[in-house]
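# A closer look at the structure
Listed below are the residues making up each chain.
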Amino acid sequence: MGSTATIMLTGARAASVAIGQERQAGASEARGNFEAAQDTRNATLAATQSLQTTQEGSIESRAAIVKGRVGVGQNRASYGAQGVDISTGSAVDVQGNTSRMSTLDAAMITNNAARKAWGYDVEAQSYREQSILAKLSGDNTASGLRAQSASTLLTGASQMYSEYFAAHPKVGSPGAMTGGRTQH
């Protein structure tokens, strides 16, 4: 009776360990999927920030051009009120400089927005890659744990087999296979 209990405990232990490994495999897959989903969501947010930054840069750039035009208009009005000819000399230079400065400001705003958007694009790509790696990591760990689970079951079965034949030596003898008679 003791040998039967030992054999049963060996089988139960192997099954218990295998079940635990299967549960760990499922948890690993779930964790990988969760992390992948988080990274995908973060990639989407970064891509959205990139788009918003580009749009804001475009709006601010146009505003800088408009501000420059307003400045040129104010210069003309001021010169006109003072009786200065706005089509010659320093008045033309001031208007040209104001216009060039607003164009330069607009270009800098556009450039800065593009750089910032590029940073968000790189961040989004990084999150997309992390998402793939998280999924693969979870799947690979789960595959390894499932292989361990199968190995645990096979090892348990082998141990049960060994324990059974250790407890019943006559069953495993060559004569037991032929009913105790030697065949010629």
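Residues numbered from 1 in each chain as written. Predicted model: local features only at pLDDT ≥ 70, side-chain atom pairs only at ≥ 80, totals over all residues. Heavy atoms only, no water.

Moving on, we come to the overall build of the protein. When helices and strands are tallied, the protein shows three helices and zero strands. In sequence order, the secondary structure elements of the protein are arranged as α-α-α. Projected onto its principal axes, the C-alpha coordinates of the protein cover approximately 135 × 35 × 15 Å. Looking at the protein as a whole, 22% of its 184 residues are labelled buried. Excluding contacts between residues fewer than 6 apart, the proportion of contacts in the protein whose partners are at least 24 apart in sequence is 81%. Working note: accessible area of the protein is about 12400 Å², and carbon and sulfur atoms make up 59% of it. The averaged location of the 14 negative side-chain charges in the protein is 8 Å from the averaged location of its 16 positive side-chain charges. (Helix = DSSP H or I, 4+ residues; strand = E, 2+ residues; numbered from the N terminus. Buried < 20%, exposed > 50% of the residue type's maximum accessible area, 1.4 Å probe, protein only. Contact = heavy atoms within 4.5 Å. Areas by Shrake-Rupley, 256 points an atom, 1.4 Å probe, with all protein chains shown as cover. Lys, Arg positive; Asp, Glu negative; His and termini not counted. Charge placed at Lys NZ, Arg CZ, Asp CG, Glu CD.)

In this section: the environment of Gly-32. Relative to the elements of secondary structure, Gly-32 occurs in helix H1 (residues 2-81). Separated by 57 residues in the primary sequence, Gly-32 and Gly-89 have C-alpha atoms spaced 71 Å apart. If we skip the residues at most four places from it in the chain, Gly-32 touches Ala-134, Lys-135 and Gly-138.

A surface patch of nonpolar side chains, amounting to about 290 Å² of accessible area, comprises Met-101, Leu-104 and Met-108. Look at Leu-104 and you get partly exposed, because its relative accessible area is 43%. (Patch = residues over 30% accessible without salt bridge, like charges linked within 9 Å, V, L, I, M, F, W, Y side chains within 5 Å. Salt bridge = Lys/Arg side-chain N within 4 Å of Asp/Glu carboxyl O.)

This paragraph deals with the packing of aromatic side chains. To describe a pair of aromatic rings, one takes the distance between the centres and the angle between the planes. Under the defined criterion, the tally for this structure stands at two aromatic pairs. When the centroid spacing of 4.6 Å and the interplanar angle of 65° are considered together, the rings of Tyr-161 and Phe-165 count as edge-to-face. Of this pair, Tyr-161 and Phe-165 are both found in helix H2 (residues 89-167), four residues apart, which corresponds to roughly one turn of the helix. Measuring from ring centre to ring centre gives 5.2 Å for Tyr-164 and Phe-165, while their planes differ by 85°; the resulting arrangement is edge-to-face. (Phe/Tyr/Trp six-rings, centres within 6.5 Å; stacked < 30°, edge-to-face > 60°.)

What follows is about the environment of Ser-158. Structurally, the position occupied by Ser-158 is in helix H2. Take Ser-158: its relative accessible area is 41%, and that puts it in the partly exposed class. Placed 87 residues apart in sequence, Ser-158 and Gly-71 show a C-alpha to C-alpha distance of 90 Å.

Turning next to H1. In this model H1 runs 115 Å from its N-terminal to its C-terminal C-alpha over 80 residues, within 8% of the 118 Å that 1.5 Å per residue would give. One or two positions beyond H1, positive phi appears at Gly-83, with a value near 80°. (Expected span 1.5 Å × (residues − 1).)

Further remarks concern the pattern of salt bridges. Enumeration according to the criterion identifies three salt bridges in this entry. Of the charged contacts, one joins Glu-22 and Arg-146 as a salt bridge, the two residues approaching to 3.3 Å between their closest N and O atoms. Pair noted here: Glu-22 is in helix H1 and Arg-146 is in helix H2, with a separation of 124 residues, a long-range link. Among the residues examined, Arg-146 registers a relative accessible area of 32% and is labelled partly exposed. Here Lys-135 and Asp-139 are joined by a salt bridge, their closest N and O atoms 3.1 Å apart. Of this pair, Lys-135 and Asp-139 both sit in helix H2, four residues apart, which is roughly one turn of the helix. Several salt bridges share partner residues, and in doing so they unite Glu-22, Glu-29 and Arg-146 into one network.

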